[in-house]
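Next come the chains, spelled out residue by residue.
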Amino acid sequence: MKHKQAGMTLTSFLMVLAVVGFGLYVAMKLFPMYQEFYAVKTSMKSLAQEPGSSDPNKALELFFKRMDINSSESVTRDNIKFERIDGGVRMNVKYEVRRPLVGNLDIVGNFENSQELTGSSVD
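One structure accompanies this document, and this report is about it. Owing to the predicted nature of the structure, the values given are computational and were not obtained by experimental measurement.

1. Observations concerning a nonpolar patch on the surface
Taken together, the side chains of M8, L10, F13, L14, V16, L17, V20 and L24 define a hydrophobic patch exposed on the protein surface, amounting to about 800 Å² of accessible area. Checked against the element boundaries, L24 lands in helix α1 (residues 10–48). On the basis of relative accessible area, L24 is assigned to the exposed category, the value being 54%.

Put into structure tokens, the structure is as follows:
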């Protein structure tokens, strides 16, 4: 008695491999964008604990020092806005990252975060 083998053909294996490969390629393009956003969020949280950070000029200086350490290039001074609140300021960072994907297709990420800066230690 002969049994027929069951399984993937070479063609279906190559198709699955192509789909998985494309997914990994897209993930490699997205990971640095989200890693940079995490660095922005972390820098803003640590800035909130810095004494005197309620001064917008000092906050900008300290923030960009932190961003230089993280090698961030997407956030510029134009992407940062301050608004007055009781006891300090709120720092709003809103920026866009555009990375080429394939040909004339790009991946675009819009990121936004805000942090209250009161100039005193937050526990």
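2. A closer look at unusual backbone geometry
Trans peptide bonds make up the majority, and among non-glycine residues the majority have a negative phi. For S71, which is not a glycine, the phi torsion comes out positive at approximately 55°. Given a relative accessible area of 59%, S71 falls into the exposed group.

3. Describing helix α2 (residues 56–69)
With 14 residues, α2 should reach 20 Å at 1.5 Å per residue; the first-to-last C-alpha distance of 20 Å fits that figure. P56, A59, L60, L62, F63, F64, R66 and M67 are the residues of α2 that are buried. Buried residues along α2 sit in contact with α1, β1 (80–85), β2 (88–102) and β3 (105–117). Following α2 by one or two positions, S71 has its phi on the positive side, about 55°.

4. Remarks on the side chain of S43
Topologically, S43 is positioned in helix α1. Given a relative accessible area of 4%, S43 falls into the buried group. With near-sequence residues (within four places) excluded, S43 lies in contact with F63, R66, M67 and N70.

5. What to know about the packing of aromatic side chains
One pass over the structure, following the stated rule, counts 4 aromatic pairs. A centroid spacing of 5.3 Å and a plane angle of 85° characterise the contact between Y34 and F111, whose relative ring orientation is edge-to-face. Here the residue Y34 occupies a position in helix α1, and F111 occupies one in strand β3, the gap between them amounting to 77 residues. You can call F111 buried: its relative accessible area is 4%. Ring plane angle 25° and centroid distance 5.0 Å describe the contact between F37 and F111, whose orientation is recorded as stacked. Here the residue F37 occupies a position in helix α1, and F111 occupies one in strand β3, the gap between them amounting to 74 residues. On the basis of relative accessibility, which here comes to 16%, the residue F37 falls in the buried class. Here the aromatic cluster, defined as three or more aromatic residues joined through ring pairs, consists of Y34, F37, Y95 and F111.

Cut-offs used in this document
- Residues numbered from 1 in each chain as written.
- Predicted model: local features only at pLDDT ≥ 70, side-chain atom pairs only at ≥ 80, totals over all residues.
- Heavy atoms only, no water.
- Patch = residues over 30% accessible without salt bridge, like charges linked within 9 Å, V, L, I, M, F, W, Y side chains within 5 Å.
- Areas by Shrake-Rupley, 256 points an atom, 1.4 Å probe, with all protein chains shown as cover.
- Salt bridge = Lys/Arg side-chain N within 4 Å of Asp/Glu carboxyl O.
- Helix = DSSP H or I, 4+ residues; strand = E, 2+ residues; numbered from the N terminus.
- Buried < 20%, exposed > 50% of the residue type's maximum accessible area, 1.4 Å probe, protein only.
- Expected span 1.5 Å × (residues − 1).
- Contact = heavy atoms within 4.5 Å.
- Phe/Tyr/Trp six-rings, centres within 6.5 Å; stacked < 30°, edge-to-face > 60°.

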